[in-house]
Amino acid sequence: MVRPCKGLIMASKLELRGVSAGYGETMVIEGINLVLAPGECISVIGRNGVGKTTLLATVMGHTTLHSGDVMLNGQPLHGMPSFRRALAGIGFVPQEREIFPSLSVRENLDVAARPGPWTLERVFDLFPRLEERLDNMGNQLSGGEQQMLSIARALLTNPSILLMDEPTEGLAPVLVEALTTVLATLRAESALSIVLVEQNSRVALTFSPRTVILDKGCIVYDGESGPLSADPDRLAKLIGIVE
């Protein structure tokens, strides 16, 4: 159980209007219309290479925006550098984790910390293992511990919206289950708006009542998770595993 959070940060509304984006002249996502209400949690699933990571990268300003608008609380983010988006309240857990290998766990956390309700004590409630490893270097951590550190670091920026890119990738099943518990805790006990990009459809569908499916850079489903969990054949067709 995460300790009570004093001075909650208000969750943010994220909106993508007709967004087409990619890398240079290469278009990866096209015509994306997506609204994340304040405090809402959604999952984004799909096969490898369909644009899931690009979707989050576009919100963070890491891609070339060809058309459309990315809005945070009604304000366009176009032209805003990534660090300004982070300061505006967007927390990001990248697929590659991107912790600092030559810094200790404590230093990795301290460098990201900003004033707010998320404190070291609260992230240690979520990840007790990090408190045990405070003086270890980033490159001395296991893959699971590095993922814990990446999520904890993002939380310590005290975001109003959290983007997570494939947090269970490469983890052993027992660690996937542990991380699934953490995700459920974040959903239930924080005021965050959360976008979870996840290859593991079971984890994704369990995490949020709403799921978005991408295929070939476009949204092919945006709706309730329950019907997808109950109909594996439909899920497979939407993802494009079967024709």
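That block above? That's the structure.
1. Comments concerning the environment of Ala-37
On the secondary structure map, Ala-37 appears in the loop between β2 (26-36) and β3 (41-45). Accessibility expressed as a relative area gives 31% for Ala-37, which makes it partly exposed. Between the alpha carbons of Ala-37 and Arg-234 there is a distance of 26 Å; along the sequence they are 197 residues apart.

2. Looking at the packing of aromatic side chains
One pass over the full model with this rule turns up 0 aromatic pairs. A cation over a ring is seen here: Arg-122 above Trp-118, with NZ or CZ 3.8 Å from the ring centre.

3. Things to note about the side chain of Asn-136
As for its position among the elements, Asn-136 is in the loop between α5 (128-132) and α6 (143-156). Here Gln-140 takes part through its side chain, which lies 3.5 Å from a polar atom of the side chain of Asn-136. What Asn-136 contacts, discounting residues up to four positions off in sequence, is Leu-103, Ser-104, Val-105 and Leu-141.

4. So, the nonpolar core
Within the largest apolar cluster, 33 residues are counted, with the highest numbers of intra-cluster contacts made by Phe-127, Leu-130, Leu-155, Leu-162, Leu-186 and Ile-194. Listing elements by their share of this core, those giving two or more residues are α3 (105-112), α4 (120-126), α6, β7 (161-165), α7 (173-189), β8 (193-197) and α8 (201-207). At 7 residues, the largest contribution of residues to this core is made by α6. Contact partners of Ile-194, with chain neighbours within four places excluded, come to Leu-36, Glu-40, Cys-41, Ile-42, Leu-162, Met-164, Leu-186, Arg-187 and Phe-207. Core analysis: the next-biggest nonpolar cluster, separate from the first, contains 25 residues, Ala-21, Leu-34, Leu-77 and Ile-90 among them.

What counts, and at which threshold
Residues numbered from 1 in each chain as written. Predicted model: local features only at pLDDT ≥ 70, side-chain atom pairs only at ≥ 80, totals over all residues. Heavy atoms only, no water. Helix = DSSP H or I, 4+ residues; strand = E, 2+ residues; numbered from the N terminus. Buried < 20%, exposed > 50% of the residue type's maximum accessible area, 1.4 Å probe, protein only. Phe/Tyr/Trp six-rings, centres within 6.5 Å; stacked < 30°, edge-to-face > 60°. Lys NZ or Arg CZ within 6 Å of the ring centre and 35° of its normal. Polar contact = N/O pair within 3.5 Å; in protein donor to acceptor, adjacent residues only side chain to side chain. Contact = heavy atoms within 4.5 Å. Core = buried A, V, L, I, M, F, W, Y, C linked by side-chain atoms within 4.5 Å.

Nothing here speaks to function; it is all geometry.
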